[in-house]
Structures are given as C-alpha cells and as structure tokens.
Amino acid sequence: MNLCRLVYYSERDADQHLDLRTLIAQCHKNNTARSVTGLLHHNGTYFIQVLEGSRADVSSIYHRIATDPRHINLILLSCSDVRERLFPTWSMGLHEGTSPRTREIFLRYFSKDRIDPETISVDSLLDVLQDVAAEL
Ligand SMILES: Cc1cc2nc3c(=O)[nH]c(=O)nc-3n(C[C@H](O)[C@H](O)[C@H](O)COP(=O)(O)O)c2cc1C
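Please read all numbers here as calculations on a predicted model, not as lab measurements.

Definitions and limits used
Residues numbered from 1 in each chain as written. Predicted model: local features only at pLDDT ≥ 70, side-chain atom pairs only at ≥ 80, totals over all residues. Heavy atoms only, no water. Salt bridge = Lys/Arg side-chain N within 4 Å of Asp/Glu carboxyl O. Helix = DSSP H or I, 4+ residues; strand = E, 2+ residues; numbered from the N terminus. Buried < 20%, exposed > 50% of the residue type's maximum accessible area, 1.4 Å probe, protein only. Phe/Tyr/Trp six-rings, centres within 6.5 Å; stacked < 30°, edge-to-face > 60°.

## Things to note about the pattern of salt bridges
Counted according to the given criterion, the structure contains nine salt bridges. Among the salt bridges present, the one from D81 reaches R55, with a minimum N-O distance of 2.4 Å. With D81 in strand β4 (residues 71–81) and R55 in helix α2 (residues 55–66), this pair connects stretches of sequence that are 26 residues apart. The exposure class of D81 is partly exposed, given its relative accessible area of 45%. Each of R101, E104 and E135 takes part in one network of salt bridges that share partners.

Okay, structure coming up:
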C-alpha cells in the first residue's frame, strides 16, 4: 500500500447548516472502514484538513468531500506519498481553534492567534496541526 497524505483548506458555507458532531461521526464511520486517519481544524471560517491513508482511499474520500455543500473554495495544498502517518491515532480528530492554549500555540508560529491558511506553507501547517493535535 502506498501511503499518502493530502492537505487542503476550504471555507465554511455560512448558508448551509453545519453540525460538526454529525460531520465527525460521518468521518469516523467512513474513515475507519478505510483505515484513513487525519485531523480537521475548524476556526469558524476555515476548515483545514489532513487525510492520510492509501492513495486510492484518500483520493476517494477527498473527491466526496470536495462536492460537499457545507464548504466552498477548496484549495488543495498537497498530496504526496509519505513514509509514515503524522496523525495515526485519529480516524478524524476535530480541533476547534478557540481555547487559550490553542491561541498560545498559534502565536508561537504566527503573528496572530488564528490560522490563516492563505498565508502559510503546508509544512508550517503540518507542524502547527501536530501541536494542536497533542492538545486533543
Ligand atoms: C470539511 C469537511 C470535511 C469532511 N471530512 C470527511 C472525512 O474525512 N471523511 C468522510 O467520510 N467524510 C467527510 N466529510 C463528509 C463528506 O463530504 C460526505 O458528506 C460524507 O462522506 C458522506 O458520508 P455517507 O455517504 O456515509 O453519508 C467532510 C465534509 C466536510 C464539509
């Protein structure tokens, strides 16, 4: 199996109903069945998601996610083969960027206390997401 990692970000469509608990339950069911792991960060505006698993499974799930009306303006940042997973224990960890500890982590990496994915390299995103995952 070729392990790969895909990273994208998108914006919540404010006109669409969003229940994050229901969304994460969907992720858990589908991703567990395919041994896909990762992290979903949401800050009220942006989603940033990392998906890790086989090329076929990650592609299949990503194409489904890309047509989901709950978000818009998807930007695919990277999709490449990797030697190991960065988020092996999460079928899809949900991180909501609001706590004081989270703001501390963001301020360590950035000049402001929230992630603005438009201005950040994919490597920096993966670093900061690993730090916030450790808080889950
Ligand atoms: C930001 C975002 C992230 C999502 N991530 C996943 C995911 O990791 N896995 C997944 O199966 N569905 C994910 N979804 C939901 C899919 O778009 C789709 O609704 C779901 O896979 C359908 O599952 P079902 O056919 O079992 O109802 C995500 C949706 C959004 C808006």
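Resuming the write-up.
## A closer look at unusual backbone geometry
Where the residue is not glycine, phi is negative for most of them; where a peptide bond is considered, it is trans in most cases. Located in the positive-phi region is S35, a residue other than glycine, with phi close to 55 degrees. Inspection of the secondary structure assignment puts S35 in the loop between α1 (20–33) and β2 (37–42). The class of S35 is partly exposed, set by a relative accessible area of 46%. Backbone geometry at N73 places phi at a positive 55 degrees, although glycine is not the residue there. Here N73 is to be found in strand β4. Given a relative accessible area of 47%, N73 falls into the partly exposed group.

## Some details on the packing of aromatic side chains
How two aromatic rings sit relative to each other is given by the distance of their centres and the angle of their planes. For the coordinates displayed, the defined rule picks out four aromatic pairs. Each ring, one from Y9 and one from Y46, has its centre 6.0 Å from the other, and the planes form 80 degrees; the classification is edge-to-face. Residue Y9 is found in strand β1 (residues 3–12), and its partner Y46 is found in strand β3 (residues 46–54); the two are separated by 37 residues along the sequence. Classification of Y9 by relative accessible area gives buried; the value is 6%. Classification of Y46 as buried rests on a relative accessible area of 11%. Judged by centre distance (6.3 Å) and plane angle (45 degrees), the ring pair of F106 and F110 falls under tilted. Connected via pairs of aromatic rings, a cluster forms that spans F106, Y109 and F110.

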